[in-house]
Amino acid sequence: MVNITPQAHLRGGIAGQSADTILPDQVDIVGGDKPEIFSTVETVLTGQEIAALTVVGFDGAGKVVPANNSTVAAVGVLPYAVDSTGGDVGAEIWRGGNFKPEALTWDAGYATDAHKAKAFEGAPSPTQIVITPQRTFAV
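Criteria and thresholds
- Residues numbered from 1 in each chain as written.
- Predicted model: local features only at pLDDT ≥ 70, side-chain atom pairs only at ≥ 80, totals over all residues.
- Heavy atoms only, no water.
- Helix = DSSP H or I, 4+ residues; strand = E, 2+ residues; numbered from the N terminus.
- Buried < 20%, exposed > 50% of the residue type's maximum accessible area, 1.4 Å probe, protein only.
- Contact = heavy atoms within 4.5 Å.
- Phe/Tyr/Trp six-rings, centres within 6.5 Å; stacked < 30°, edge-to-face > 60°.
- Pairing = 2+ DSSP bridges.

S.K.: Can you walk me through the environment of Ala119 in this structure?
M.R.: As for its placement among the helices and strands, Ala119 is situated in the loop between helix H1 (113-117) and strand S8 (128-131). In this structure Ala119 comes out as buried when scored by relative accessible area, which is 11%. Along the chain, Ala119 and Ala73 lie 46 residues apart, while their C-alpha atoms are 7.6 Å from each other. With residues up to four places along the chain from it excluded, the contact list for Ala119 reads Ala74, Trp106 and Tyr110.

What follows is the structure, given as structure tokens:
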């Protein structure tokens, strides 16, 4: 009698299981699919070192700086770290999307979940950002 052990790639349609860890140190940043993520290219103010996923706004001259919930209103999210210590630099800014607040880097002025949830309300066009906190459900 022959004992045949089917190879995984030859078992089409037969359920199997596997477990993978992909980018374990990464946080899922997307809270939903509406509104869609879109970006604009803006100028980051000279002298800034801004971390990836920082909530940003515009200073009085229209240059990108971290938003602080008092003097600089939130208008977008910087998707990657930027160093403008050598002079103004252009950077992509997400101006639309649905993000989880725990994935973003916030100034201390956004101390509560309520501050974060309302951070982008009233932001100038074309900003369309929604903050969707992680939800848990009990059965």
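Picking up after the structure, the text goes on.
S.K.: What is the right way to look at the packing of aromatic side chains in this model?
M.R.: Taken as a whole and judged by the stated rule, the model has two aromatic pairs. An angle of 10 degrees between the planes, with centres 5.4 Å apart, marks the rings of Trp94 and Phe99 as stacked. No difference in accessibility class separates Trp94 from Phe99, as the two residues are buried.

S.K.: Please clarify how the pairing of strand S3 (residues 54-58) should be interpreted in this entry.
M.R.: Regular strands place their side chains on alternate faces of the sheet. Among the five residues in S3, four count as buried, and that is most of the element. Two strands pair when backbone bridges link them, and S3 and strand S5 (residues 76-78) are joined in this way by three bridges, in the antiparallel orientation. Each residue of the ladder has a partner; that of Val56, found in S5, is Gly76. Across three bridges, the pairing between S3 and strand S4 (residues 64-66) is antiparallel.

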